[in-house]
Amino acid sequence: MDAGGGAGADGAEVCCLSYNQDCTSLAIGMKTGYKLFSLSSVEQLDLVHESYELSDVYIVERLFSSSLVVVVSNSKPRQMNVFHFKKGTEICNYNYSGNILSIRLNRQRLVVCLEESIYIHNIKDMKLLRTLLDTPRNTSGLCALSINHSNSYLAYPGSASMGEIMVYDANVLKTVCTIQAHDGSLAAIAFNSTGTKLASASEKGTVIRVFSIPEGQRLCEFRRGMKRYVSISSLVFSIDSQFLCVSSNTETVHIFKLEHLSERGELILERLHGQDVHGSFKLPPSPGVGHHEPRPGICNCTAQFLRAQECLHSGDNTETSTPSSHLIQWPSLYLQPGPTGWGRVRPNKKTQPPWFRKVRHRQRG
């Protein structure tokens, strides 16, 4: 992807990278300032704005495609700066009691997450509405805010040692529910575009669970792996909430497919001979970057999902090319129900289904 004379063209070191709420814009924080790009084209990034007033920028968040951008610099990690970049003016700035770890936006609310507190602002006048004090220690600033301002739910860890999620309604300013999601500490959480589903993963990284919001009922769970623990960096739903993408510190991206809800309210998964995981594949290398040289700090799940969709639609993949419209690569290990529960089965002539043999044959050919 050509940056069009933008990111990295001046040799500046990248500190952070983030997408806006509907993934139409890309924000890059650098040692020398920050830049905003439009994602109207997959082939090239169009530079929208650049600023060098603040240095060593580690948080840049843009509100959809508006002129409002929120910036935090390592030179003043306790200060949030809100700019109108088209007018070139600063709207306001706020100082907090600790270092700012993350910021989340929608059209109704602005949320600032510190290690042991969360601040909720009304984005229209930047008035502070509520402060959530004495929250469990959250060193990574993990939190999620629904981009749908009608369902302006906020999710954050309810425990520092267990996978408990607190769901807070940022519109009416009250706690909605508490979800016991995992046994271990949380690693990633994400809402879908409508704010009706919440996905979570623990630090083990083997199981991803999806819950209904605001009820907090578990809808389904997906297994990313069996024994190998990985560090999941991000989760992202597709815009239509039919797919969930998971990225980690490995080269593999997992895409899980969600089907329609049945009358009983249970989530029906598309099962291929007892297979829960809908697909996994290795990403084609970026220009100048090999499979075994991932770029630290830039491996974002949304970016990988966009590349995944591009591979799916074009049918081009460096690893395999299958007739399926959803799966890029059939896994060499799949799950099959048995008398004592789900078990791992390695495909062979006796256990593999006919479609699996055909696909494997096509791949070898």
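Residue indices follow the written sequence of each chain, beginning from 1 at its first position. Only residues with pLDDT of at least 70 are given local features in this predicted model, and only at 80 or more are side-chain atom pairs given and counted; all residues enter the totals for whole chains, interfaces and linings. Side-chain measures were taken over the full set of non-hydrogen atoms in the model, leaving aside hydrogen atoms and water.

Novice: Sorry if this is basic, but what is going on with the overall build of the protein chain here?
Specialist: In terms of regular secondary structure, the protein chain is built from two helices and 26 strands. Buried positions account for 50% of the 365 residues belonging to the protein chain. Working rule for contacts: check all heavy atoms of both residues, and any pair within 4.5 Å makes them a contact. Intrachain contacts of the protein chain at a sequence separation of at least 6 include 40% that bridge at least 24 residues. Using a 1.4 Å probe, the Shrake-Rupley method yields the accessible areas, and only the shown protein chains count as cover for residues. Split by element, the accessible area of the protein chain, about 17800 Å² in all, is 48% carbon and sulfur. A run of H or I in DSSP counts as a helix once it spans at least four residues, and a run of E counts as a strand once it spans at least two, with each numbered from the N terminus. Burial classes: relative accessible area under 20% of the type maximum marks a residue as buried, over 50% as exposed, and values in between as partly exposed (1.4 Å probe, protein chains only).

Novice: Could you clarify how one ought to interpret unusual backbone geometry in this entry?
Specialist: Glycine aside, a negative phi is what most residues show, and trans is what most peptide bonds show. Of the consecutive residues Ile213 and Pro214, the connecting peptide bond is found in the cis state with omega at 15°. With a phi angle near 55°, Cys23 is a residue other than glycine that sits in the positive phi range. For Cys23, the location among the structural elements is in the loop between strand S1 (14–19) and strand S2 (25–30). The partly exposed category is assigned to Cys23, whose relative accessible area is 25%.

Novice: I'm lost on the state of the cysteines in this one. Help?
Specialist: Defined simply, a disulfide is a covalent bond joining two cysteines at their sulfur atoms. We call a pair of cysteine sulfur atoms a disulfide whenever their separation is within 2.5 Å. Going through the model one piece at a time under the given rule, you end up with zero disulfides. Free of any disulfide, Cys15 has its nearest cysteine sulfur in Cys16, 6.6 Å distant.

Novice: Looking at this structure, how should I read the pairing of strand S6 (residues 68–73)?
Specialist: Successive residues of a regular strand alternate their side chains across the two faces of the sheet. Taking burial as the measure, the six residues of S6 include six buried ones, the bulk of the element. What you see with S6 is no split at all: Leu68, Val70 and Val72 on one side and Val69, Val71 and Ser73 on the other are buried throughout. For two strands to pair, DSSP has to find at least two bridges joining them. Looking at chain direction, strand S5 (residues 57–62) and S6 are connected through five bridges and run antiparallel. Looking at the pairing, Arg62 lines up with Val69 of S6. Counted between consecutive antiparallel strands, the loop separating S5 from S6 contains five residues, among which Phe64 sits at a positive phi close to 45°. Judged from the five bridges that link them, S6 and strand S7 (residues 76–84) form a sheet pairing that is antiparallel. Within S7, the residue paired with Val71 across the bridge is Asn81. A loop of two residues connects S6 with S7, the two strands running antiparallel in sequence.

Novice: What am I meant to see in the pattern of salt bridges here?
Specialist: Note that side chains of opposite charge can pair when their charged atoms are close. Salt bridges are identified by distance alone: a Lys or Arg side-chain nitrogen within 4 Å of an Asp or Glu carboxyl oxygen. What the rule picks out here adds up to five salt bridges. Its salt-bridge partner being Glu50, residue Lys35 comes within 3.9 Å of it at the nearest N-O pair. Remark: Glu50 occurs in strand S4 (residues 46–51) and Lys35 occurs in strand S3 (residues 34–38); sequence separation between them is 15 residues. The exposure class assigned to Lys35 is buried, which follows from its relative accessible area of 3%. Under the relative-accessibility criterion, Glu50 is labelled partly exposed at 35%. When the shortest N-O distance is used, the salt bridge between Glu115 and Arg137 registers 2.6 Å. With Glu115 in the loop between strand S10 (109–113) and strand S11 (117–122) and Arg137 in the loop between strand S12 (127–133) and strand S13 (144–145), the pair connects residues that are 22 residues apart, well separated along the chain.

Novice: I tried to follow the sheet that holds S7 on my own but got confused; where do I start?
Specialist: The strands making up a sheet are joined through hydrogen bonds of the backbone, oriented either antiparallel or parallel. Read from one edge to the other, the open sheet built from four strands follows the order S5-S6-S7-S8, with strand pairing classed as antiparallel. Two strands lie at the open edges of the sheet, namely S5 and strand S8 (89–95), each paired on one side alone. Across this sheet, the average inter-strand angle for adjacent strands is 20°, counted without regard to direction. The pairing of S7 with S8 spans six bridges and is antiparallel. Pairing of Gln79 across the sheet is with Asn95, part of S8. Interaxial angles span 0 to 180 degrees and are taken between N-to-C directions of axes, which are lines fitted to C-alpha atoms, for helices over the stretch in contact.

Novice: Which parts of the structure should I look at to understand the side chain of Ser18?
Specialist: Tracing the backbone through its elements, the reader meets Ser18 in strand S1. For Ser18, the side chain forms a polar contact with the main-chain oxygen of Val60, separated by 2.5 Å. If sequence neighbours within four positions are ignored, Ser18 has contacts with Ser25, Leu26, Ala27, Val60 and Glu61. Residues adjacent in sequence count toward polar contacts only when both atoms are side-chain atoms; beyond that, a polar contact is any pair of N or O atoms within 3.5 Å, and within protein one must be able to donate a hydrogen and the other to accept it.

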